[in-house]
Structure formats: C-alpha cells, structure tokens
Amino acid sequence: MLRTSEPACIVCGGQKRPGLSSWHASCPACAYESASLAPTINAHCAHAQLNERDREAGLKALRAQNFAAIAALAARHAAPGATLLLDVGCAHGWFLEAARARFTVLGVEPDTAIARRARAQGLPVRDGYFPDALQAGERFDVIVFNDVIEHIPDIDAALSACQSRLRDGGLLILNLPSSKGFFFRLSKLLARLGWRGPFERLWQKGLPSPHVHYFHAKNLSALVGRHGFTPVHQAELASLRAGGLLQRLRCVGQGRRRGLYLQYALILCTIPVSRLFPSDIVVCLFRKK
C-alpha cells in the first residue's frame, strides 16, 4: 500500500507525493525523488546478494574512463596551488589512482572489506564514514563524491561537512545518477506498466547501499547552493557500455537469473538510442564561497 503523506522535499520544501512503490516518493514542484530504503553496509546477508568479481569486471572499464575525465576536471577547476584531494566512498580506489598524478589523495570507505582491498593495492584509504573518519582540523582543496552522495540519507549534514572541511575556494565534485537520464526515465515507464525490476535495480533496492536520492543538475544545484557553494561546471558522462554489461547485470541477485539474458539483449539494443537523450550520469562542480 502506498503511503498517504510524505515529509517535505529537502530541495524546495514542498510536499512530496507517494511514488511508484511504497518506498518511493517524488516532489512535483522540483522533481526531486527519494527512497526510504535502508543501507546494510558490512552486513553479510546484503553482500551475499553481490558477486563482487562480476561487479568489478562490469564497472571498472566504464569507471576508469569517467574517473579520468573527472580527474581532469578537478585539475582544471581547482584553485591555484591546490594539492589535497579527498575521495569520499572511494570503494576500490580507482578514482584515487586517476587523481594521484595531480593531487595528494586520501580515500575514506565505509565497507571494511573493500577498504582493505584498496589498501592492499597501496592506496591511502581509511575505514569509516565521512566526516567521522577524518582527523580534527583536516582540510582539503578538493572533495569528490563518485556515485556516493545519492546513497547518504542525511545529505544536508554531508554538505555542511564539505563546507567545513574544504579550504576557502575549495572544489566540491558530485558525480551521480541523473533523474533526467534515458534509462531512469525508461525504468519509470516500465514500472508504471507493471515491470518494476529495472526501476528497483536503478535504485539498488536490496543491495548493501541503496540509492535514497535522485537529482538532476538543477535541483541538485539548488540544494548545494544553500550550503555556501557556487556552481562552476557541469557535464554528462557515459553511464553504460557494452563491454562489461553482462557481468554488471549478473553481479546482483545470485539465484535470481530469470530474464537476465533478455534484459541484456534489450539493453544492448537501446544503448545506441540512449545516446540521443540525456545521459544517466551527471557530474557537477561547485566552489566554496
């Protein structure tokens, strides 16, 4: 049963409405969308749903391509003399590898198993959540959230922490899914027609760290601007590629393989079409005032 009322929108303060599932809601005024899904990071039962080897194989090539582009944007837009970069939720450390040629880097990662693997590769990664994993007084020139900010329930607290942990003129980079993206909008259409699987997958329902927010560049900028940041630059990034797609689909829901190859074939067919529409990934850069 859908809920009859929703808390106020975190972007514009308007009244959200029940959405396409009992855990989903949206704001008709600014198009912000939210989920009441609960994270279960470090819980074994949640990680049992993931094949980490397939997940890494499915994502690494795409993430490496996008992370190289984001590292270049960070170098281009960082303040003169900027040296220290923090990657929040750094996972395997792929962005740290892309950025350390230009910056002195540090990562924080709440998933202890993945943080351990990143450290084994010689990367400077701390266990824990942002900003609790930081030392008192630590400040940075650049703070980056790659596919992370949409997972954080108290996003206002996270943005306030960014404001206090960035040096004056510091750069905040948010790389995240876009609610204007082709595949997200297609998944909503399919959910209305009764096929909820793609919609739930894009929210990462049932995974250790589900999405709890979906923004587009405009409503995200409105929210971040309230925390003392000015937009600097925004761009779209590739959200999907044929190479690694099957492993990416296969990594979730061991034992729930029904329709896997049908989904794979359908997505392969839609990739060329999707390039005519807005991407499902947007990167937005903000400067601390």
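Only a predicted model underlies this, so the values are computations on that prediction, with no experimental measurement involved.

Parameters and conventions
- Each chain has its residues counted from 1, following the order in which its sequence is written.
- Given that the model is predicted, a residue must reach a pLDDT of at least 70 before its local features are reported, and side-chain atom pairs must reach 80 or more before they are shown or counted; all residues, however, enter totals for whole chains, interfaces and linings.
- Hydrogen atoms and water are omitted, and side-chain values are computed over all heavy atoms in the structure.
- Each helix is a run of H or I in the DSSP string that is no shorter than four residues. Each strand is a run of E no shorter than two, and both are numbered from the N terminus.
- Under the scheme applied here, a residue whose accessible area is under 20% of the maximum for its type counts as buried, over 50% as exposed, and between as partly exposed, the area being computed with a 1.4 Å probe on protein chains only.
- In this description, contact between two residues means that some pair of their heavy atoms is separated by no more than 4.5 Å.
- Using the Shrake-Rupley algorithm and a 1.4 Å probe, accessible areas are obtained, with residue cover drawn only from the displayed protein chains.
- Here, nonpolar core means buried Ala, Val, Leu, Ile, Met, Phe, Trp, Tyr and Cys residues that are tied together by side-chain atoms lying within 4.5 Å of each other.
- Only strands joined by at least two bridges in the DSSP assignment are considered to pair.

(A) Broad picture of the overall build of the protein. Regarding its fold elements, the protein presents 10 helices and 11 strands. In the protein, buried positions account for 50% of the 289 residues. Here the contacts in the protein between residues at least 6 apart in sequence split such that 70% fall between residues at least 24 apart. When the accessible surface of the protein is split by element, carbon and sulfur atoms take 55% of a total near 13400 Å².

(B) Layout of the environment of F199. Note that F199 resides in helix α7 (residues 197–202). Assessed through its relative accessible area of 1%, F199 is described here as buried. Those residues in contact with F199 that lie beyond four places of it in its chain are L20, W23, H24, F184, S187, K188 and A191.

(C) Broad picture of the nonpolar core. Residues L86, F130, I143, F145, L172 and L174 are the most contacted members of the largest nonpolar core, which totals 35 residues. Of the residues forming this core, the biggest block, five residues, is contributed by helix α5 (residues 155–165). Not counting residues within four places of it along the chain, the set of residues in contact with L172 comprises I143, F145, L159, C162, L166, V224, F229, C284, L285 and F286. Counting residues in each nonpolar core, the second largest holds 27 residues, with L85, W94, V105 and L171 among its members.

(D) Structural detail: the sheet that holds strand β9 (residues 213–214). Strand order in the open sheet formed by four strands is β1-β2-β3-β9, and the pairing between neighbours is antiparallel. Edge positions in the sheet fall to β1 (17–18) and β9, since each has one partner strand and no second. As paired strands, β1 and strand β2 (residues 24–26) are joined by two bridges and run antiparallel to one another. Paired with P18 across the strands is A25, a residue of β2.

Note that all results are geometric; they support no functional claim without further evidence.
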